[in-house]
Amino acid sequence: MQPTYRPEEVQGILQWAIARQMQQGESTDTLTQAQLQEIAQELGISPTDLAEAEQAWRQAQDLQHQRQAFHQWRWQVWRAHWVRSSVITVLVTIPFLLLDWVWDGRVVIWTSRGLAWPYYVPLFVGTPLGLLVLWHLWQTLQRQGEAYERDWQAWQRHQRFQQIKQKAVRKLSGVVTWIERLLGD
C-alpha cells in the first residue's frame, strides 16, 4: 500500500525537494509557467484553479510588499520625529548654556543645590518632546490593532492618490508635448 499525503504535506515535500535541487545546483532558481502547469496537471489541479491560485498568490505578494513599504515609511516618520525633537532640544539648550557662560564666565550644569537654573527650561522642553518621541516609537512598533489599521488605510489612500497624481501629470505632459509639436510645426 502506497502512502497518502494531505495537501499541506505535499506542499512541504515539494518545497523541500525544490530547495534541495537548488542547493545541489541541479535546477535553476525558477520554474517556468509550463513546469508549474505540468506539476498542477499531475496533481489533478485544473487550469482555472491554478490561474486563480496564482492570482491570489500575486495579490498576497503585492500586499506583503506594500506592508513592508508601509513599515519602512513608519520608521522614516519616527526618525524624522526623533531628529526634529533633538534639534529643538539642542536649540533651546544652547541659549541657556550661553547665558550661563555670559553670567559668570563658566558653564555650571550641576551645583551643590542641584541642577543649575538655566537648565530647567530645556528640561521642561526636552521631557515632553522625549515622551512624544517614545509615543511615536510605540506606534511604529505596533503591527496590529485599530490605530495600526487606520494608519495602514490612510497610507494606502495616500499611495493611491500619489499614483493617480503621477498618472495625471504624465498624461498632461503628453498633451502639452503634443500641443507644442502641433504649434511648433
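Since we're looking at a predicted model, the values are computed, not measured. (Residues numbered from 1 in each chain as written. Predicted model: local features only at pLDDT ≥ 70, side-chain atom pairs only at ≥ 80, totals over all residues. Heavy atoms only, no water.)

Notes on the packing of aromatic side chains
Thought 1: Taken as a whole, this structure holds 6 aromatic pairs when the rule is applied.
Thought 2: Their ring planes at 55 degrees and their centres at 5.5 Å tell us that Phe70 and Trp155 sit as a pair that is tilted. Here Phe70, found in helix H3 (residues 47–104), pairs with Trp155, found in helix H5 (residues 146–184); they are 85 residues apart in sequence, far enough to count as distant. Taken as a pair, Phe70 and Trp155 share a single burial class, namely buried.
Thought 3: In textbook terms, an aromatic cluster arises when at least three aromatic residues are bridged by ring pairs, as seen for Phe70, Trp73, Tyr148, Trp152 and Trp155.
Thought 4: Stacked on the ring of Trp152, the Lys or Arg Arg67 has its end atom at 4.1 Å from the ring centre. (Phe/Tyr/Trp six-rings, centres within 6.5 Å; stacked < 30°, edge-to-face > 60°. Helix = DSSP H or I, 4+ residues; strand = E, 2+ residues; numbered from the N terminus. Buried < 20%, exposed > 50% of the residue type's maximum accessible area, 1.4 Å probe, protein only. Lys NZ or Arg CZ within 6 Å of the ring centre and 35° of its normal.)

Here we look at the pattern of salt bridges
Thought 1: On inspection of all chains with the given rule, the structure shows 6 salt bridges.
Thought 2: With a closest N to O distance of 3.6 Å, Arg6 and Glu9 form a salt bridge.
Thought 3: Note that Arg67 is salt-bridged to Glu149, the shortest N-O span being 3.8 Å. Of this pair, Arg67 sits in helix H3 while Glu149 sits in helix H5, placing them 82 residues apart in sequence.
Thought 4: With relative accessibility at 21%, the residue Arg67 sits in the partly exposed group.
Thought 5: Relative accessible area serves as the criterion here: at 30%, Glu149 is assigned to the partly exposed category. (Salt bridge = Lys/Arg side-chain N within 4 Å of Asp/Glu carboxyl O.)

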